[in-house]
Amino acid sequence: MKNTLKVWRAKKDITQEHLAREMEVTRQTINAIERGKYDPSIKLAFKMARFFECSIEDIFLYEE
Amino acid sequence: MQVKETDMLIVGFILFLIGSGIHIFEPDRIINPSGAGGAFIGAGVALFLVTLREIRLKNKGNVVEDERILHIAEKTSHKTLVILIILEGILMALLGVTAFDIQAYPVVSLLFAITMLSYAGFYYWYKRQM
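Residues numbered from 1 in each chain as written. Chains lettered and ligands numbered in written order. Predicted model: local features only at pLDDT ≥ 70, side-chain atom pairs only at ≥ 80, totals over all residues. Heavy atoms only, no water.

Engineer: I'm lost on unusual backbone geometry in this one. Help?
Structural biologist: Excluding glycine, residues mostly carry a negative phi; peptide bonds, for their part, are mostly trans. Residue and element names in this part refer to chain A. In this structure, Glu24 takes a positive phi of about 60° despite not being glycine. Here Glu24 shows up in the loop between helix H2 (16-23) and helix H3 (27-34). Overall, the relative accessible area of 55% leaves Glu24 in the exposed class. With phi around 55°, Glu53 is a residue other than glycine that occupies positive phi space. Along the chain, Glu53 falls in the loop between helix H4 (42-52) and helix H5 (56-59). (Helix = DSSP H or I, 4+ residues; strand = E, 2+ residues; numbered from the N terminus. Buried < 20%, exposed > 50% of the residue type's maximum accessible area, 1.4 Å probe, protein only.)

Encoded structure:
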(Lines give C-alpha, C1' and ligand atoms only; values in the text may rest on other atoms or scores of the structure.)
Protein backbone atom coordinates (compact mmCIF):
# COMPACT_ATOMS: atom_id res chain seq x y z
CA MET A 1 0.00 0.00 0.00
CA LYS A 2 1.37 3.39 -0.99
CA ASN A 3 0.74 6.58 0.93
CA THR A 4 1.25 10.32 0.83
CA LEU A 5 1.51 10.78 4.56
CA LYS A 6 4.80 12.64 4.32
CA VAL A 7 3.21 15.17 1.93
CA TRP A 8 0.23 15.72 4.22
CA ARG A 9 2.54 16.10 7.18
CA ALA A 10 4.62 18.66 5.28
CA LYS A 11 1.45 20.55 4.34
CA LYS A 12 0.55 20.86 8.01
CA ASP A 13 4.21 21.55 8.84
CA ILE A 14 4.37 19.10 11.71
CA THR A 15 7.05 16.65 12.76
CA GLN A 16 6.74 12.86 12.97
CA GLU A 17 6.93 13.25 16.74
CA HIS A 18 3.99 15.68 16.75
CA LEU A 19 1.87 13.45 14.52
CA ALA A 20 2.75 10.41 16.62
CA ARG A 21 1.52 12.16 19.76
CA GLU A 22 -1.70 13.19 18.03
CA MET A 23 -2.28 9.63 16.79
CA GLU A 24 -1.20 8.09 20.12
CA VAL A 25 1.42 5.88 18.47
CA THR A 26 5.21 5.84 18.56
CA ARG A 27 7.32 8.03 16.26
CA GLN A 28 8.79 4.83 14.80
CA THR A 29 5.31 3.77 13.68
CA ILE A 30 4.79 7.02 11.76
CA ASN A 31 8.22 6.60 10.22
CA ALA A 32 7.46 2.98 9.23
CA ILE A 33 4.15 4.03 7.63
CA GLU A 34 5.82 6.83 5.68
CA ARG A 35 8.47 4.45 4.35
CA GLY A 36 5.74 1.97 3.37
CA LYS A 37 7.08 -0.68 5.72
CA TYR A 38 3.97 -0.87 7.86
CA ASP A 39 0.30 -0.68 6.87
CA PRO A 40 -1.74 0.99 9.61
CA SER A 41 -4.96 -0.44 11.01
CA ILE A 42 -8.25 0.91 9.65
CA LYS A 43 -8.74 2.75 12.96
CA LEU A 44 -5.42 4.56 12.66
CA ALA A 45 -6.06 5.33 8.99
CA PHE A 46 -9.42 6.92 9.89
CA LYS A 47 -7.77 8.87 12.69
CA MET A 48 -5.18 10.22 10.27
CA ALA A 49 -7.78 11.13 7.68
CA ARG A 50 -9.78 12.97 10.34
CA PHE A 51 -6.66 14.76 11.55
CA PHE A 52 -5.71 15.93 8.05
CA GLU A 53 -9.38 16.65 7.20
CA CYS A 54 -9.40 14.46 4.11
CA SER A 55 -10.52 10.97 3.11
CA ILE A 56 -8.53 7.80 3.68
CA GLU A 57 -8.06 7.40 -0.09
CA ASP A 58 -6.37 10.81 -0.19
CA ILE A 59 -3.62 9.48 2.07
CA PHE A 60 -3.52 5.75 1.30
CA LEU A 61 -3.55 4.11 -2.09
CA TYR A 62 -4.14 0.39 -2.37
CA GLU A 63 -2.32 -1.30 -5.24
CA GLU A 64 -2.64 -4.99 -6.12
CA MET B 1 2.00 5.47 37.97
CA GLN B 2 -0.78 3.07 36.94
CA VAL B 3 -1.94 -0.11 38.72
CA LYS B 4 -0.22 -2.26 36.05
CA GLU B 5 3.17 -0.67 36.74
CA THR B 6 2.75 -0.93 40.51
CA ASP B 7 1.85 -4.62 40.18
CA MET B 8 4.88 -5.26 37.98
CA LEU B 9 7.20 -3.52 40.44
CA ILE B 10 5.75 -5.60 43.30
CA VAL B 11 6.12 -8.85 41.32
CA GLY B 12 9.71 -7.87 40.42
CA PHE B 13 10.50 -7.22 44.09
CA ILE B 14 8.90 -10.53 45.17
CA LEU B 15 10.93 -12.45 42.55
CA PHE B 16 14.08 -10.72 43.78
CA LEU B 17 13.24 -11.67 47.39
CA ILE B 18 12.57 -15.32 46.44
CA GLY B 19 15.88 -15.43 44.53
CA SER B 20 17.78 -13.89 47.42
CA GLY B 21 16.12 -16.32 49.86
CA ILE B 22 17.14 -19.32 47.75
CA HIS B 23 20.69 -17.95 47.48
CA ILE B 24 21.05 -17.27 51.21
CA PHE B 25 19.25 -20.25 52.77
CA GLU B 26 20.02 -22.84 50.05
CA PRO B 27 17.07 -25.16 50.82
CA ASP B 28 17.81 -28.89 50.54
CA ARG B 29 14.91 -29.49 48.15
CA ILE B 30 16.50 -27.28 45.49
CA ILE B 31 19.12 -29.09 43.40
CA ASN B 32 20.88 -26.00 42.09
CA PRO B 33 20.39 -23.08 44.54
CA SER B 34 22.77 -20.67 42.79
CA GLY B 35 21.17 -21.30 39.38
CA ALA B 36 17.58 -21.09 40.63
CA GLY B 37 18.35 -18.09 42.88
CA GLY B 38 20.17 -16.33 40.06
CA ALA B 39 17.27 -16.94 37.68
CA PHE B 40 14.75 -15.45 40.14
CA ILE B 41 16.99 -12.47 40.91
CA GLY B 42 17.62 -11.90 37.20
CA ALA B 43 13.90 -12.07 36.38
CA GLY B 44 13.07 -9.71 39.25
CA VAL B 45 15.72 -7.15 38.33
CA ALA B 46 14.79 -7.33 34.62
CA LEU B 47 11.10 -6.80 35.39
CA PHE B 48 11.97 -3.90 37.69
CA LEU B 49 14.19 -2.20 35.08
CA VAL B 50 11.70 -2.69 32.22
CA THR B 51 8.91 -1.23 34.35
CA LEU B 52 11.02 1.77 35.41
CA ARG B 53 11.87 2.42 31.75
CA GLU B 54 8.16 2.30 30.82
CA ILE B 55 7.27 4.70 33.65
CA ARG B 56 10.01 7.12 32.55
CA LEU B 57 8.84 7.05 28.92
CA LYS B 58 5.19 7.48 29.90
CA ASN B 59 6.06 10.41 32.15
CA LYS B 60 7.77 12.07 29.18
CA GLY B 61 4.49 11.70 27.27
CA ASN B 62 5.79 9.01 24.90
CA VAL B 63 3.67 6.09 23.76
CA VAL B 64 5.29 2.84 24.89
CA GLU B 65 3.05 0.33 23.14
CA ASP B 66 1.05 0.79 19.96
CA GLU B 67 -0.51 -1.33 17.21
CA ARG B 68 2.79 -1.80 15.35
CA ILE B 69 4.60 -3.03 18.48
CA LEU B 70 1.71 -5.41 19.22
CA HIS B 71 1.76 -6.65 15.62
CA ILE B 72 5.51 -7.30 15.84
CA ALA B 73 5.03 -9.13 19.15
CA GLU B 74 2.23 -11.19 17.57
CA LYS B 75 4.39 -12.32 14.65
CA THR B 76 7.39 -12.93 16.93
CA SER B 77 5.33 -15.08 19.30
CA HIS B 78 3.99 -17.15 16.43
CA LYS B 79 7.46 -17.81 14.99
CA THR B 80 8.88 -18.64 18.43
CA LEU B 81 6.01 -21.04 19.10
CA VAL B 82 6.55 -22.82 15.78
CA ILE B 83 10.27 -23.23 16.53
CA LEU B 84 9.53 -24.54 20.02
CA ILE B 85 6.95 -27.03 18.73
CA ILE B 86 9.43 -28.35 16.16
CA LEU B 87 12.27 -28.60 18.72
CA GLU B 88 10.10 -30.23 21.35
CA GLY B 89 8.74 -32.67 18.77
CA ILE B 90 12.25 -33.64 17.70
CA LEU B 91 13.34 -33.95 21.34
CA MET B 92 10.34 -36.11 22.21
CA ALA B 93 10.92 -38.37 19.23
CA LEU B 94 14.65 -38.67 20.00
CA LEU B 95 14.07 -39.45 23.65
CA GLY B 96 11.38 -41.94 22.72
CA VAL B 97 13.58 -43.78 20.22
CA THR B 98 16.90 -43.73 22.10
CA ALA B 99 15.42 -44.00 25.61
CA PHE B 100 18.10 -41.65 27.00
CA ASP B 101 17.79 -41.17 30.71
CA ILE B 102 18.45 -37.46 31.01
CA GLN B 103 17.55 -35.01 33.75
CA ALA B 104 14.69 -32.61 33.16
CA TYR B 105 16.45 -29.49 34.53
CA PRO B 106 19.12 -29.06 31.80
CA VAL B 107 16.60 -29.83 29.04
CA VAL B 108 14.06 -27.33 30.37
CA SER B 109 16.86 -24.76 30.84
CA LEU B 110 17.97 -25.28 27.23
CA LEU B 111 14.41 -24.90 25.94
CA PHE B 112 14.01 -21.76 28.04
CA ALA B 113 17.23 -20.30 26.62
CA ILE B 114 16.14 -21.15 23.06
CA THR B 115 12.74 -19.54 23.68
CA MET B 116 14.30 -16.33 24.99
CA LEU B 117 16.91 -16.14 22.24
CA SER B 118 14.52 -16.87 19.38
CA TYR B 119 11.96 -14.38 20.74
CA ALA B 120 14.59 -11.65 21.06
CA GLY B 121 16.04 -12.47 17.64
CA PHE B 122 12.72 -12.54 15.81
CA TYR B 123 11.53 -9.41 17.60
CA TYR B 124 14.62 -7.52 16.46
CA TRP B 125 14.29 -8.91 12.93
CA TYR B 126 10.60 -7.99 12.58
CA LYS B 127 11.24 -4.56 14.06
CA ARG B 128 13.74 -3.93 11.29
CA GLN B 129 11.31 -5.27 8.68
CA MET B 130 8.31 -3.23 9.77
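Engineer: Looking at this structure, how should I read a positive patch on the surface?
Structural biologist: Side chains of B:Arg53, B:Arg56, B:Lys60 and B:Lys127 sit close together on the surface and give a patch of like positive charge. Looking at the secondary structure, you find B:Arg56 in helix H2 (residues 33-59). (Patch = residues over 30% accessible without salt bridge, like charges linked within 9 Å, V, L, I, M, F, W, Y side chains within 5 Å. Areas by Shrake-Rupley, 256 points an atom, 1.4 Å probe, with all protein chains shown as cover. Salt bridge = Lys/Arg side-chain N within 4 Å of Asp/Glu carboxyl O. Lys, Arg positive; Asp, Glu negative; His and termini not counted. Charge placed at Lys NZ, Arg CZ, Asp CG, Glu CD.)

Engineer: What is the right way to read the UniProt feature "domain: HTH cro/C1-type" (unreviewed entry) in chain A from this model?
Structural biologist: Summarizing the sequence annotation, UniProt attributes the feature "domain: HTH cro/C1-type" (unreviewed entry) to residues 5-59 of chain A in the numbering used throughout. Measuring from the first to the last C-alpha atom of residues 5-59 of chain A gives 6 Å, for a span that is 71% helix and 0% strand. (UniProt positions renumbered as here; feature names shortened; annotations may be inferred.)

Engineer: In this structure, what is going on with the interface of chain A and chain B? I would like to understand it.
Structural biologist: How big an interface is tends to be stated in terms of accessible area lost as the parts join. The interface of chain A with chain B comprises 13 residues on the first partner and twelve residues on the second. Taken over both partners, the interface formed by chain A and chain B buries close to 970 Å², and the fraction arising from carbon and sulfur atoms is 49%. Of all residues in chain A, A:Thr26, A:Lys37 and A:Tyr38 give up the largest surface area on contact with chain B, accounting jointly for 47% of the area buried on that side. Linking chain A to chain B there are zero salt bridges. Considering each element in turn, the side of chain A that touches chain B owes the most residues, three residues, to H3(A). Residue composition of the side of chain A that touches chain B, by class: five nonpolar, four polar and four charged. (Contact = heavy atoms within 4.5 Å. Buried area = accessible area lost by both parts, 1.4 Å probe. Nonpolar A, V, L, I, M, F, W, Y, C, P; charged D, E, K, R; others polar.)

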